[in-house]
Amino acid sequence: MSNNISIRHAVKKYGENIVIPDLSVEIKEGEFFTLLGPSGCGKTTLLRMIAGFNSIEGGDFYFGDKRINDLDPSKRNIGMVFQNYAIFPHYTVRKNVEFGLKNKKFPKEKIKEQSEKFMKLMQIDQFADRMPERLSGGQQQRVALARALCIEPDVLLMDEPLSNLDAKLRVEMRTVIKNIQHSVNITTVYVTHDQEEAMAVSDRIAVMNQGVIQQIATPKAIYQRPANIFVSTFIGRSNVIEGKLEVRDGTAWVVTKTGYRAPIKGVRPEFMKDMDVTLSIRPEEFLLDRDTTDGIPAIVDDCVFLGLNTHYFVHLASGEEVVIIQESSIDSIIEPGSEIKLTLNTEKLNVFTADGSENILSGVRNDCPTA
């Protein structure tokens, strides 16, 4: 049986060092929930608090209606998948998968039934009698996942489970993990620093920085309408430039340092006033044109052809440096040193307060309990 997870005002300290100052989050039953952030942001610390491997200095942790703060890790009925697989090298695949079942004193017939079921689910049943040393990294991770799931845990916890795999295997395994999680419908908390991985597998993502959740939302909502400049620059690639918001006759305009002006819709009523702003522009949201007389003057410093797309490294007349991604044309690439003009896709760009702390556009979703 799967459980929802409630964390209320969690605090984690190491001596005088506060790693998590005050964190609250609600994780839904059966949800694939990812903790995403840079190294040292507290995501693995929080995962280990859920698992019972780290002490809790403040707050309350619940699985369903059951408070688990003081519950021994072995009594929390969790499955855990680690970065280094943590499978036993002296056990066969079958014995590795059966390990948790034997520890929980499952009947022999149940052990055989469960282990067979999850080896087949993870497509490793043909390797049942092999030793781990004869398996690839992806196969070993499948063993670790089968072992974690076959005990029928209430919660599945995964800590950077794909970081030791090569790029091709990571893509393959994240598809496997997402499909398996949805088929067994188990509440899953997944830790990663890889933005693309988080976007590919998650129902919702919590972006963390310095022990604080910045935004909780679906991958699409976070990418399209990040809550602040940290989220915008951490999720995907973004160009950050200074600008102004001007309001004339009920219409809002964004104005760059070069004087380029473009109307923008969706500014929240409380921000409909002249003010300094920070613009966050994805590389694909710059529109590049050598012929227009209007636009932001710029010079191409370098370009990299990557097949489907070409990346242009450009500096604006204001001195700001940006990256532009354009679909590669069949005839030519704009050469370094070329003078160009840029316009903005104002439907997609994001506008923040000058300090970057808040997105001033409507449509920002943030499921943080304290937001």
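Structure: above.
Described below are features of the structure shown in this document.

About the criteria used
Residues numbered from 1 in each chain as written. Predicted model: local features only at pLDDT ≥ 70, side-chain atom pairs only at ≥ 80, totals over all residues. Heavy atoms only, no water. Helix = DSSP H or I, 4+ residues; strand = E, 2+ residues; numbered from the N terminus. Contact = heavy atoms within 4.5 Å. Areas by Shrake-Rupley, 256 points an atom, 1.4 Å probe, with all protein chains shown as cover. Lys, Arg positive; Asp, Glu negative; His and termini not counted. Charge placed at Lys NZ, Arg CZ, Asp CG, Glu CD. Phe/Tyr/Trp six-rings, centres within 6.5 Å; stacked < 30°, edge-to-face > 60°. Lys NZ or Arg CZ within 6 Å of the ring centre and 35° of its normal. Pairing = 2+ DSSP bridges. Axes fitted to C-alpha atoms, helices over the stretch in contact; angles between N-to-C directions. Buried < 20%, exposed > 50% of the residue type's maximum accessible area, 1.4 Å probe, protein only. Salt bridge = Lys/Arg side-chain N within 4 Å of Asp/Glu carboxyl O. Parallel < 35°, antiparallel > 145°, perpendicular 65-115°, else oblique. Left-handed = near helix turned anticlockwise from the far one by under 90°. Nonpolar A, V, L, I, M, F, W, Y, C, P; charged D, E, K, R; others polar. 1 Å grid on protein atoms, 1.4 Å probe; cavity = no way out; pocket = protein on both sides within 12 Å on 5 of 7 lines; lining within 4 Å. Points joined across faces, edges and corners; volume = space filled by probe spheres on them.

1. A word on the overall build of the chain
The number of helices and strands found in the chain is 8 helices and 20 strands. If one aligns the C-alpha atoms of the chain with their principal axes, the spans along those axes are about 80 × 50 × 35 Å. Of the contacts formed within the chain by residues at least 6 apart in sequence, a portion of 68% connects residues at least 24 apart. Approximately 17,500 Å² of the chain is accessible, and the part contributed by carbon and sulfur atoms is 48%. For the chain, the centre of its 44 positive side-chain charges and the centre of its 50 negative side-chain charges are spaced 8 Å apart.

2. Some words on the packing of aromatic side chains
Applying the stated criterion across every chain yields a total of 5 aromatic pairs. Residues F230 and F234 carry aromatic rings whose centres are separated by 5.7 Å and whose planes lie at 10° to one another, so their mutual orientation is stacked. Placement of both F230 and F234 in helix α8 (residues 229-234) is noted, with a separation of 4 residues, approximately one turn of the helix. One aromatic cluster is present, formed by F88, Y91 and F99 through successive ring pairs. A cation over an aromatic ring shows up here: R261 above the ring of W253, its NZ or CZ 4.5 Å from the ring centre.

3. Some details on the sheet that holds strand β9 (residues 204-209)
Read from one edge of the open sheet, 6 strands run β6-β7-β8-β3-β9-β10, paired in mixed fashion. With partners counted over all chains shown, the strands left at the sheet margins are β6 (78-81) and β10 (212-217), one partner each. The average angle at which neighbouring strand axes cross in this sheet is 15°, direction not considered. The pairing of β9 with β10 spans 5 bridges and is classified as antiparallel. Note that in β10 the partner of N209 across the bridge is V212.

4. Let's talk about helix α1 (residues 43-51)
The buried fraction of α1 amounts to 7 of the 9 residues, a majority that puts the element mostly inside the structure. Buried within α1 we find K43, T45, L46, L47, M49, I50 and A51.

5. So, the sheet that holds strand β4 (residues 58-63)
Strands sit in the order β2-β1-β4-β5 across an open sheet of 4 strands; the sheet is antiparallel. The outermost strands of the open sheet, each flanked by one partner alone, are β2 (17-27) and β5 (66-67). Note: strand β1 (residues 5-14) against β2, 7 bridges, orientation antiparallel. Its bridge partner being in β2, K13 is matched across the sheet by I18. The sheet contacts of α1 involve β1, β2 and β4, and relative to β1 the element is tilted by about 115°.

6. Re the pattern of salt bridges
Summed over the entire model, instances satisfying the criterion amount to 19 salt bridges. The partner of E242 in a salt bridge is K257, with the nearest N and O atoms 3.8 Å apart. Of this pair, E242 sits in strand β11 (residues 239-248) while K257 sits in the loop between β12 (251-256) and β13 (261-264), and the two are 15 residues apart along the sequence. Overlapping salt bridges, with partners in common, bring together E31, R204, R365 and D367 in one network.

7. Focus on the packing of helix α4 (residues 137-149) against helix α5 (residues 167-184)
The interhelical angle for the contact between α4 and α5, taken along N-to-C directions, is 20°, at an axis separation of 11 Å. Compared by their axis directions, α4 and α5 come out roughly parallel. In this structure, the crossing between α4 and α5 has a hand that is right-handed. For the pair α4 and α5, contact is made by G138, Q141, R142, L145 and L149 and by L169, E172, M173, V176, I177, I180 and V184, respectively. Residue classes in the contact of α4 with α5 are distributed as 8 nonpolar, 2 polar and 2 charged.

8. Here's the deal with the layout of surface pockets
Each pocket or cavity is described by its volume, and for the largest pocket that value is around 460 Å³. Surrounding the largest pocket, 17 residues form its lining, I78, G79, M80, G100 and I151 being those nearest its centre. Looking at the lining of the largest pocket, the elements with two or more residues in it are β6, α2 (93-103) and α4. Of the residues in the lining of the largest pocket, the class split is 10 nonpolar, 5 polar and 2 charged.

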